[in-house]
Amino acid sequence: MPDGALGESLQVTCHDIGALHEAALEGRFHDLALDLVAAHFPEAAILYFRVDPAQPGGCGILHRGLGNGAMPAVPPHMVRANPLLRAHRQRPVGAVFHDDALMARASFRATAFFRDWLATAGEFDAATGVVISRDGPVQTVLEIRYPAHAARHIAPVAEIFLSELAPHLRHATRTAALALEAEQAQRAARDFLELSGFPTFVASQDGTIAMMNQRGEMLLRNGGGLILGMDRRLQAGDADDTARLSEAIAQLVQSPRARSTIIGLRSGKNGAPKLLTLTPLSALGRGETSFCDGTGAGRVAIMVIDGVAQLHLGRDALWRMFDLTMREVELAQALLEGRTLPELARAHSVSKQTLRNQLSSIMRKTCTRRQSELVALLLQMARALPL
């Protein structure tokens, strides 16, 4: 390989910087960073070290230029035992370094990491690198590795290149971390929404829906008196109802001491009543309320209580909770549906006394004293269980 073959045309362009940040938002930052450096140093090996001792398998390496995928994966124990990782920790974040400032090249060539893994792909015993990020024990480092005999020509070029690129790598790394946190927060918020036993929406101040649970999606698909417009604003089937809903959302968002309120839709499906409870997310906790994008400010949770929606309670739930018999489970489910003992006695050709005995057994097992208490308990359980 002729001296100076590496990094002959080096320039970090605005397009490169923009692509880094776009990749950070999309969760592919590491691969693009490696590809970018490898494109400028096609004959070098580009190594990306990540150390996170708290995570299983948290110490690892991504690379380019080591055999186009033919290079065997470095064993985890070899990564952890690599003295380079300790040497990297002594360097300031963002400061470019050369390998001989970390440890003697002879010492590095004697390590199992070099001897048993890296040297099998080529003569990459010299390097120029930079610590991209460090957060407690978690650290990421990028190295451009090349033969020691070419260091006199390559090291200065690599140093200039990484000095220019390093700030953008640091910012993009932070962007990637924030994007991951936002994604995880949004996933957690969606999981919490699914715990609601009612169709539930999260709306911004102008009524735009940020997210909804599966019950909410089903209500919209089935034409349950609410409509999601093309602008993603929640609307009722009646213009007056829509205006009242928009006004209620705006009032809750604007009031610093707002608490839950309830409004009724006049034109529910089949003329049945439909109630909406609205709760400002800022009122759900003390101090800042983390939700979706890190704050509940300007957001309202809307729960739809349909007066005719059928509630269901699975047999397994009743059996696990109260050890009911199959007949007792069937009776409990029928009571939840609003059916009466005389009606059930006629439908199943059993005596009312038999059903009373089963009812007494259910109340004893559920620690309720009256049929109304039992039905209230069953309703609460059905509403608490997600789909």
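Residues numbered from 1 in each chain as written. Predicted model: local features only at pLDDT ≥ 70, side-chain atom pairs only at ≥ 80, totals over all residues. Heavy atoms only, no water.

K.L.:
In this structure, what is going on with helix α2 (residues 29-40)? I would like to understand it.
P.N.:
One turn of an α-helix holds 3.6 residues; hence residues three or four places apart share an orientation. Spanning 12 residues, α2 covers 17 Å between terminal C-alpha atoms, matching the ideal 16 Å at 1.5 Å per step. Along α2, the residues classified as buried are F29, A33, L34, L36, V37, A38 and H40. Considering only its buried residues, α2 is in contact with α1 (14-26), β1 (45-51), β2 (60-64), β5 (138-146) and α7 (151-194). (Helix = DSSP H or I, 4+ residues; strand = E, 2+ residues; numbered from the N terminus. Expected span 1.5 Å × (residues − 1). Buried < 20%, exposed > 50% of the residue type's maximum accessible area, 1.4 Å probe, protein only. Contact = heavy atoms within 4.5 Å.)

K.L.:
It is not clear to me how the pairing of β2 should be interpreted in this structure. Could you clarify?
P.N.:
Residues in a regular strand project their side chains so that they alternate between the two faces of the sheet. Burial of the side chains of β2 is restricted to one face: I61 and H63 are buried, whereas none of G60, L62 and R64 on the reverse face is. Inspection of the sheet shows β1 paired to β2 by five bridges, in the antiparallel sense. In the sheet register, Y48 faces β2, and the bridge partner there is L62. (Pairing = 2+ DSSP bridges.)

K.L.:
What exactly am I supposed to notice about unusual backbone geometry here?
P.N.:
Glycine aside, a negative phi is what most residues show, and trans is what most peptide bonds show. The phi dihedral of D323 is positive, around 55°, even though this residue is not glycine. Here D323 falls in the exposed class, since its relative accessible area comes to 52%. Residues other than glycine seldom take positive phi values, yet S349 does so here, at roughly 55°. Judged by relative accessible area, S349 falls into the exposed class, the value being 69%.

K.L.:
What is the right way to look at the pattern of salt bridges in this model?
P.N.:
Any two side chains of opposite charge can pair, on the condition that their charged atoms come close. What the rule picks out here adds up to 18 salt bridges. For R115, the salt bridge is made with D116, and the minimal N-O distance between the two is 3.2 Å. Residue R115 is classed as partly exposed on the basis of its relative accessible area, which comes to 46%. Given the relative accessible area of 43%, D116 is considered partly exposed. D241 serves as the salt-bridge partner of R244, at 3.1 Å between the closest nitrogen and oxygen. Taken together, the residues R244 and D241, both in helix α9 (residues 239-254) and three residues apart, mark about one turn of the helix. Judged by its relative accessible area of 28%, R244 is partly exposed. (Salt bridge = Lys/Arg side-chain N within 4 Å of Asp/Glu carboxyl O.)

K.L.:
Even after reading the chapter, I still don't get the sheet that holds strand β4 (residues 126-135), so can you show me in this structure?
P.N.:
Within a sheet, each strand pairs with its neighbour through backbone hydrogen bonds, oriented either parallel or antiparallel. The five strands lie next to each other as β2-β1-β5-β4-β3, forming an open sheet whose pairing is antiparallel. The two strands at the open ends of the sheet, each matched to only one other strand, are β2 and β3 (96-98). Between one strand and the next, the sheet's axes are offset by a mean angle of 20°, whatever the strand orientation. Running at roughly 15° to β4, α7 makes contact with β3, β4 and β5 of the sheet. (Axes fitted to C-alpha atoms, helices over the stretch in contact; angles between N-to-C directions.)

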